[in-house]
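Residues per chain are reported as follows:
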Amino acid sequence: MQRRSRGFNAGLLMLLSQVFHVGINNIPPVTLATLALNVWFFLNPLKPLYYSCLSVEKCYQQKDWQRLLLSPVHHTNDWHLYFNMVSMLWKGIKLERRLGSRWFAYIITTFSLLTGVVYLVLQFTTAELMNQPDFRRNCAVGFSGVLFALKVLSNHYCPGGFVNILGFAVPNRFACWAELVAIHFCTPGTSFAGHLAGILVGLMYTQGPLKKIMEICAGIFSSSVGYPGQQYYFNNAGPSGYQNHYPDGRPGAYEDTHRNYDVYTAGLSEEQQLERALRASLWDRGNTRNGPTPYGFRLTPEEEMRRQRLHRFDGQ
C-alpha cells in the first residue's frame, strides 16, 4: 500500500463538508462505510492506478482478476472521488432505508463485481465486432458503474417525476440513459462502456433474473443475510425502528402504516358503529333477560342514555 502524495484536495474537502452537512448519524451504516472505504483507498491506494484499473488485456488475457476488486474503489483524482461519492451518498441514503442495510450491502458487493464483469464482456465484444484491438486495452477505474446500477434501482422504485439534465426535463425512468449520453459528450475521457455496464447490471436486477439469483444464493450461504425479513430503517434522527421487507422489492410497511379499517367497520361512521353495537346489545339483553349477564358487558352512563333514546325510538 502506498500513500497518495499530500496536496490540497478540494474535492475531498467538499465531500467531507457534504457528509457533515447531512450529519453522520443520518447516514445509514453501509452507505457511510462505502464512503469511508473509497476515501481510504483514495488516500492510501493499494496499487497505482495502472495496476488497479480494469481492462480485457490485463484482467482476462493476463489473468489479473484482482482488478475486479480494486478498480471500483480507486479514483483518478479528488474530483472524480467527490462526484462519485456525493452521488453514492444520496442514492445510498434512499436505497438503504428502503431495502435494509444487510441487503443493500449485498447489492453493493454484487454490483461492484458484476459491473466489472459486464464491462469486460462489452469491451471484448466491441473489439471483436469492430476488429479494434484497442478496446481490449481500454482501462477503467472508479465507482461510476455501480452508481449507474443504483440509479436504475432508484428509478425503478420511484418511477414518477422528472430530473433536469442539461436544462431538459427527463422522466426518471429514462434518466440513466440521458445521463449516460450527457456524460459521454460533456466529459471526455469517461468510460462509456463502464457506465453502460452499470445500467445493464441494474436492469438485470430490476427486469431480469439477478435479484432472484441473489435471493437463492443468500438462502444457500447464510440465513442471516436478512432478506426477506425485518430491517432497520433510518430517519433524520438515525435508526428508529423496523421495516417489513418483501421478496418482490416492494417498500416495507412501517408499523404505523395506514390500514383499511373499512374491512372491519363496513364503512360505517363511529356514530353508526355505536348505534349498531347498542342495538345488538339490546337484542342480546332481551334474549338473556332471564339468564346471566353476558361477561364483560357494561354500559357507560352516556351509552345508557343513548340506549334509552334508541329504545324509545324503537317503541314508536
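See the structure above.
Residues numbered from 1 in each chain as written. Predicted model: local features only at pLDDT ≥ 70, side-chain atom pairs only at ≥ 80, totals over all residues. Heavy atoms only, no water.

### Overview of the pairing of strand E1 (residues 162-165)
Across 4 bridges, the pairing between E1 and strand E2 (residues 168-171) is antiparallel. Paired with asparagine 164 across the two strands is alanine 169, which belongs to E2. Connecting E1 to the next strand, E2, in antiparallel fashion are 2 residues, including leucine 166 with a positive phi near 55°. (Pairing = 2+ DSSP bridges. Helix = DSSP H or I, 4+ residues; strand = E, 2+ residues; numbered from the N terminus.)

### As for the packing of aromatic side chains
The final tally for this structure, using the stated rule, is 8 aromatic pairs. For the pair tyrosine 60 and tryptophan 65, a centre-to-centre distance of 6.4 Å together with 75° between the ring planes defines the contact as edge-to-face. According to the relative accessible area criterion, tyrosine 60 is partly exposed, its value standing at 42%. When the centroid spacing of 5.0 Å and the interplanar angle of 85° are considered together, the rings of tryptophan 103 and tyrosine 106 count as edge-to-face. One end of the pair, tryptophan 103, and the other, tyrosine 106, are both in helix H6 (residues 101-130), 3 residues apart, so they sit about a helical turn from each other. Tryptophan 103 gets classed as buried once you look at its relative accessible area, which sits at 0%. (Phe/Tyr/Trp six-rings, centres within 6.5 Å; stacked < 30°, edge-to-face > 60°. Buried < 20%, exposed > 50% of the residue type's maximum accessible area, 1.4 Å probe, protein only.)

### Focus on the packing of helix H2 (residues 29-43) against H6
As a packed pair, H2 and H6 sit with axes 8 Å apart at the nearest point and diverge in direction by 35°. Side by side, H2 and H6 meet where Pro29, Val30, Thr31 and Thr34 of the first sit next to Ser101, Phe104, Ala105 and Ile108 of the second. Considered class by class, the residues forming the contact of H2 with H6 number 5 nonpolar, 3 polar and no charged. (Axes fitted to C-alpha atoms, helices over the stretch in contact; angles between N-to-C directions. Contact = heavy atoms within 4.5 Å. Nonpolar A, V, L, I, M, F, W, Y, C, P; charged D, E, K, R; others polar.)

### Some remarks on the packing of helix H8 (residues 144-157) against helix H10 (residues 192-206)
Remark: H8 packs on H10, axes separated minimally by 7 Å, with the N-to-C direction vectors making an angle of 40°. As the angle between them shows, H8 and H10 are arranged oblique. As for the relative orientation of H8 and H10, their crossing is right-handed in sense. Every residue of H10 that contacts H8 at Ser144, Gly145, Phe148, Ala149, Val152, Leu153, His156 and Tyr157 is listed here: Gly194, His195, Gly198, Ile199, Val201, Gly202, Leu203, Tyr205 and Thr206. Looking at the contact of H8 with H10, its residues break down into 9 nonpolar, 8 polar and no charged. (Parallel < 35°, antiparallel > 145°, perpendicular 65-115°, else oblique. Left-handed = near helix turned anticlockwise from the far one by under 90°.)

Scope: geometric values only; no functional claims are made or implied.
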